[in-house]
Amino acid sequence: MKCLRLAGRYDIVGCDISHFAYGHYASLASYSEIIDAENYVEGVLSLALRRETKAIVAGAGTPLKLLNGSRTDLKAANQMLVGNNTRTVALAEDKTAVATILDEAGIPQPKWVEPTHGEDER
């Protein structure tokens, strides 16, 4: 949101499932609202249509995964989802797979150890 605001040519509409989300209070969006977590995609799409947006920029993690899974519905509603595709998002969440791909491509990376979890941490 900050970069979009600094560009000076976008009307930013924000949303989050939490009343306490930073974006609601950061004075970066011209409008912001709370979206129901149980109907997240529908809520985002409804907001986008009501505010006549042209694109949806998803945050990382769960919002991006949920919206990625609805790209067809968003496209049908003339809403462009800005963000990585589903395969890239899934890969980015699997650090072991990323390390394997980097190794296979000969790209150096820092040494790391895959964490192990005790039974009480799962």
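What comes next concerns the included structure. (Residues numbered from 1 in each chain as written. Predicted model: local features only at pLDDT ≥ 70, side-chain atom pairs only at ≥ 80, totals over all residues. Heavy atoms only, no water.)

### As for the environment of S46
Part 1 of the argument: Relative to the elements of secondary structure, S46 occurs in helix α2 (residues 40-50).
Part 2 of the argument: Along the backbone, S46 and A77 are 31 residues apart, and their C-alpha atoms lie at a distance of 9.9 Å. (Helix = DSSP H or I, 4+ residues; strand = E, 2+ residues; numbered from the N terminus.)

### A look at a nonpolar patch on the surface
Part 1 of the argument: A contiguous nonpolar patch, built from V57, M80 and V82 and spanning about 270 Å² of accessible area, is present on the exposed surface.
Part 2 of the argument: The residue M80 is located in strand β4 (residues 80-82) in this model. (Patch = residues over 30% accessible without salt bridge, like charges linked within 9 Å, V, L, I, M, F, W, Y side chains within 5 Å. Areas by Shrake-Rupley, 256 points an atom, 1.4 Å probe, with all protein chains shown as cover. Salt bridge = Lys/Arg side-chain N within 4 Å of Asp/Glu carboxyl O.)

### Comments concerning the pattern of salt bridges
As a working rule, side chains carrying opposite charge can pair if their charged atoms are close by.
Part 1 of the argument: For the structure on display, the rule yields 2 salt bridges.
Part 2 of the argument: Put simply, R50 and E33 hold a salt bridge, and the shortest N to O gap is 3.0 Å. You can see R50 sitting in helix α2 and its partner E33 sitting in strand β2 (residues 31-34), a full 17 residues away along the chain.
Part 3 of the argument: Since its relative accessible area comes to 47%, R50 is described here as partly exposed.
Part 4 of the argument: For the salt bridge of E93 with K65, the shortest nitrogen-to-oxygen distance reads 3.5 Å. Of this pair, E93 sits in the loop between α5 (86-92) and α6 (95-104) while K65 sits in helix α3 (residues 62-68), and the two are 28 residues apart along the sequence.
Part 5 of the argument: The exposure class of E93 is partly exposed, given its relative accessible area of 44%. (Buried < 20%, exposed > 50% of the residue type's maximum accessible area, 1.4 Å probe, protein only.)

### Side note on unusual backbone geometry
Part 1 of the argument: Phi angles above zero are rare outside glycine, and E52 is one such case at about 55°.
Part 2 of the argument: For E52, the location among the structural elements is in the loop between α2 and β3 (55-57).

### Focus: the side chain of Q79
Part 1 of the argument: Structurally, the position occupied by Q79 is in the loop between α4 (71-76) and β4.
Part 2 of the argument: You can call Q79 buried: its relative accessible area is 5%.
Part 3 of the argument: A distance of 2.6 Å separates polar atoms of two side chains, one belonging to Q79 and the other to T53. (Polar contact = N/O pair within 3.5 Å; in protein donor to acceptor, adjacent residues only side chain to side chain.)

### Observations regarding the environment of L67
Part 1 of the argument: Tracing the backbone through its elements, the reader meets L67 in helix α3.
Part 2 of the argument: Expressed as a C-alpha distance, the spacing of L67 and V57, which sit 10 residues apart in the sequence, is 9.6 Å.
Part 3 of the argument: Those residues in contact with L67 that sit more than four places away from it in its chain are Y40, V41, V44, I56, A58, L74 and L81. (Contact = heavy atoms within 4.5 Å.)

### Some words on the side chain of N68
Part 1 of the argument: By secondary structure assignment, the location of N68 is in helix α3.
Part 2 of the argument: The exposure class assigned to N68 is buried, which follows from its relative accessible area of 5%.
Part 3 of the argument: Within polar-contact distance, the side chain of N68 engages the side chain of R71 at 2.6 Å.
Part 4 of the argument: With near-sequence residues (within four places) excluded, N68 lies in contact with L81, N84, N85, T86 and V89.

Any link to function would need more than the numbers given here.
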